[in-house]
Amino acid sequence: MRCPFCGNEDTQVKDSRPTDDNAAIRRRRQCTNCGARFTTFERVQLRELTVVKSNGQREPFEREKLMRSMQISLRKRPVDSERLDRVVNGIVRRLESSGENEIQSNAIGEAVMDALSNLDKVAFVRYASVYRNFREAKDFEAFVDKLGDGND
């Protein structure tokens, strides 16, 4: 593993332990060159996923991109990072176990919408405003009214 500080390729594992949900291994490493310490995570990857965007463009699936989009929606919300990590792991597992190597971007968006609706309603509305491309306040009002009715 390359050191993120000096680029040295020789690093030593100082400690390894499973994450709380046993979905990954957390490793504390130290660079033999500069002495810097850093953490890496090792996760099981069932298959290589490709995201097919609405315009037909294909790109590799990135767990970090999924995590970032959810973190943006959850900014300043009372959801701890471990809980978010478990939710993201669940979404990734569902996508990987779907049996498909290519996943439509809207399927990922709907999975995120579903997860956020159960996790935090404010984050759900924030994500929906971008995902469903709300343009005016009345778009928000209609969406929130549907939430109040128990429908989506």
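Quick caveat, the model's predicted, so the values are computed rather than measured.

A.B. asks: Teacher, can you tell me more about the packing of helix α3 (residues 105-119) against helix α4 (residues 121-131) here?
C.D. replies: Pairs of packed helices are described in terms of their axes, by the angle between the two and the distance that separates them. Where α3 meets α4, the axes come as close as 8 Å, and the angle between the chain directions of the two elements is 160°. What the angle tells us is that α3 and α4 run roughly antiparallel. Handedness of the α3/α4 crossing: left-handed. Note on element contacts: α4 touches α3 through K121, A123, F124, Y127, A128 and Y131, opposite N106, G109, E110, V112, M113, L116 and S117. For the contact of α3 with α4, the class distribution of residues is eight nonpolar, three polar and two charged.

A.B. asks: Mind showing me how you'd approach the sheet that holds strand β3 (residues 37-43) here?
C.D. replies: Think of a sheet as strands paired side by side through backbone hydrogen bonds, with each pair either parallel or antiparallel. Across the sheet, three strands lie side by side as β1-β2-β3; this open sheet has antiparallel pairing. What marks the edges here is a single partner per strand, and that holds for β1 (11-18) and β3. With strand direction ignored, the average angle separating the axes of adjacent strands in the sheet is 25°. Pairing of β1 with strand β2 (residues 24-31) involves seven bridges; the strand directions are antiparallel. The partner of D15 across the bridge, within β2, is R28.

A.B. asks: Would you take a moment to explain the environment of T11 for this structure?
C.D. replies: Assignment of secondary structure puts T11 in strand β1. In the structure, T11 is positioned 23 residues away from C34 in sequence and 9.8 Å away in space, judged by C-alpha atoms. Not counting chain neighbours up to four residues away, the residues in contact with T11 comprise M1, R2, C3, R29, Q30, C31, T32 and F38. A polar side-chain atom of T11 sits 2.9 Å from the main-chain carbonyl oxygen of M1.

Thresholds applied
- Residues numbered from 1 in each chain as written.
- Predicted model: local features only at pLDDT ≥ 70, side-chain atom pairs only at ≥ 80, totals over all residues.
- Heavy atoms only, no water.
- Axes fitted to C-alpha atoms, helices over the stretch in contact; angles between N-to-C directions.
- Helix = DSSP H or I, 4+ residues; strand = E, 2+ residues; numbered from the N terminus.
- Parallel < 35°, antiparallel > 145°, perpendicular 65-115°, else oblique.
- Left-handed = near helix turned anticlockwise from the far one by under 90°.
- Contact = heavy atoms within 4.5 Å.
- Nonpolar A, V, L, I, M, F, W, Y, C, P; charged D, E, K, R; others polar.
- Pairing = 2+ DSSP bridges.
- Polar contact = N/O pair within 3.5 Å; in protein donor to acceptor, adjacent residues only side chain to side chain.

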